[in-house]
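Report on the structure
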Amino acid sequence: MTTRAGFAAIIGAPNAGKSTLTNRLVGAKVTIVTQKVQTTRFPVRGVAMEGESQIVLVDTPGIFSPRRRLDRAMVRSAWGGADEADVTVHLVDVQAELAAAEPGAKSADKRSAADVQTIVEGLKTSGKKVILALNKIDGVKRERMLALVQGLYDAGVYSEVFMISAADGQGVDDLKTRLAELMPEGPWLYPEDQTADLPARLLAAEITREKLFLRVHEELPYAAAVETTAFQERKDGSVRIEQSIYVERESQRPIVLGKNGQTLKWIGQKSREELIELFDRPVHLFLHVKVDERWADKREFYGDVGLDFDV
Ligand SMILES: Nc1nc2c(ncn2[C@@H]2O[C@H](COP(=O)(O)OP(=O)(O)OP(=O)(O)O)[C@@H](O)[C@H]2O)c(=O)[nH]1
Ligand SMILES: [Mg+2]
């Protein structure tokens, strides 16, 4: 039996659906998804099996024009993910691309289209051929996509094109089959039944950050992080998890707490429900909100998630 194994990096503008696609290909939730741009902050691996091939997907942070330290580190790590991979998939949100071409387009769509161009330029410079995957084709007429595909394909950086919906699964099986074929021959890199590889403490922090973003994404545009400060397996088989939610300003604390602490309670409940499922045991979750103006400039935070601090 010839086994294959390798890395497939998913790159793209923020919000293209990279994490949704990663979870879909893996068949389990390994990385968090929200409607907010810049949800993914560091490369997250997920392991998918297809026949005798093991595809280690690398979900990366969105690529955009970075200003702050965290942004720069995120973008650098995304390109780094592509550099190290056997195959790279450039995921493009067709809905945003088409909307950006309309008169009076929303600034978010225009920004997304500009980020796609930045990525195309980056790929030209790197000289490597990548797979183009147009995402979010649900609800878009096929004819409208063809001109778009042609325009992108003419850039000369793509080897092939797939049209998919990471959300409803259309086209994803074909992409998966192709990725499996492209993996180099070699022994599997992970046990066959493993899907995620983030340490439990980090994954638990990510799940809480997802709930936080889902709940307060409008009021708290950017400035929050979650850290697991304690993770104890107890004799009764349960796990006790303590986490700190960091915000940058005192004025943001009441946003996370909500009236009578209702918002924080909701975040805790939702996160706990998912953690119980994930760890398959009872979970006691304690959340604390902390104000730290400089959490995004702390060296430890970067090292913990494998990002470069000095960028
Ligand atoms: N309609 C539609 N929505 C999608 C599809 N794939 C993802 N989405 C939505 O797009 C939003 C962003 O999805 P993510 O998977 O978090 O996107 P991402 O590229 O990982 O985003 P960042 O980590 O912020 O760069 C979420 O609201 C998803 O539900 C799709 O195929 N169709
Ligand atoms: Mg993501």
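Residues numbered from 1 in each chain as written. Chains lettered and ligands numbered in written order. Predicted model: local features only at pLDDT ≥ 70, side-chain atom pairs only at ≥ 80, totals over all residues.

**Here's the deal with the pairing of strand β2 (residues 44-50)**
In terms of burial, β2 is a largely internal element, 5 of the 7 residues being buried. Here β2 pairs with strand β3 (residues 53-59) via 7 bridges, running antiparallel. In the strand pairing of β3, V44 is matched with D59. (Buried ≥ 20, exposed ≤ 12 C-beta atoms within 10 Å, placed from the backbone. Helix = DSSP H or I, 4+ residues; strand = E, 2+ residues; numbered from the N terminus. Pairing = 2+ DSSP bridges.)

**Focus on the sheet that holds β2**
The 6 strands are arranged β2-β3-β1-β4-β5-β6 in an open sheet whose pairing can be described as mixed. At either margin of the open sheet sits one strand with a lone partner, and together these are β2 and β6 (158-163). On average, each strand axis in the sheet is inclined to that of its neighbour by 25°, with strand direction left out of account. Bridge count between strand β5 (residues 130-135) and β6: 5 bridges; the pairing is parallel. Residue pairing in the sheet places V130 in a bridge with Y158 of β6. Sheet strands touched by helix α2 (residues 69-84): β1 (4-12), β3 and β4 (87-93). Its angle to β1, the strand with the most contacts, is close to 150°. The strands touched by helix α5 (residues 142-153) are β4, β5 and β6; relative to β6, the strand with the most contacts, the crossing angle is about 160°. (Axes fitted to C-alpha atoms, helices over the stretch in contact; angles between N-to-C directions. Contact = placed C-beta atoms within 7 Å.)

**Topic: the site of ligand 1**
Looking at ligand 1, there are 23 residues lining it, with G17, S19, T40, G62 and A167 nearest. Ranked by residue count, the leading element in the shell around ligand 1 is helix α1 (residues 18-26), at 3 residues. Here the residues of the shell around ligand 1 sort into 7 nonpolar, 13 polar and 3 charged. (Near = placed C-beta within 6 Å. Nonpolar A, V, L, I, M, F, W, Y, C, P; charged D, E, K, R; others polar.)

**Let's talk about the sheet that holds strand β9 (residues 283-291)**
Paired through backbone hydrogen bonds, the strands of a sheet run either parallel or antiparallel to each other. Pairing in this open sheet of 3 strands is mixed, and the strands run β7-β8-β9 from one edge to the other. Only two strands of the sheet have a single neighbouring strand rather than two, namely β7 (224-233) and β9. Neighbour-to-neighbour, the strand axes of this sheet turn through a mean angle of 20°, independent of strand direction. Where strand β8 (residues 239-247) and β9 come together, 9 bridges link them in parallel fashion.

**Side note on helix α9 (residues 262-279)**
Given a rise of 1.5 Å per residue, 18 residues ought to cover 26 Å, and the 25 Å separating the end C-alpha atoms of α9 matches this to within 8%. Residues of α9 that are buried include every one of L264, I267, S271, R272 and L275, and no others. Projected down its long axis, α9 carries its buried residues within an arc of 130°, all on one side. Along α9, exposed side chains directed more than 90 degrees from the buried face belong to Q262, Q269 and E277. One or two positions beyond α9, positive phi appears at D280, with a value near 55°. (Expected span 1.5 Å × (residues − 1). Arc of directions from axis to C-beta.)

**So, the pairing of β1**
The side chains of a regular strand alternate, first on one face of the sheet and then on the other. Of all 9 residues in β1, 7 are buried, a share of seventy percent or more. The pairing of β1 with β3 spans 7 bridges and is classified as parallel. Bridge pairing in β3 places I10 opposite D59. Relative to β4, β1 runs parallel, the two sharing 5 bridges. Each residue of the ladder has a partner; that of A8, found in β4, is V87.

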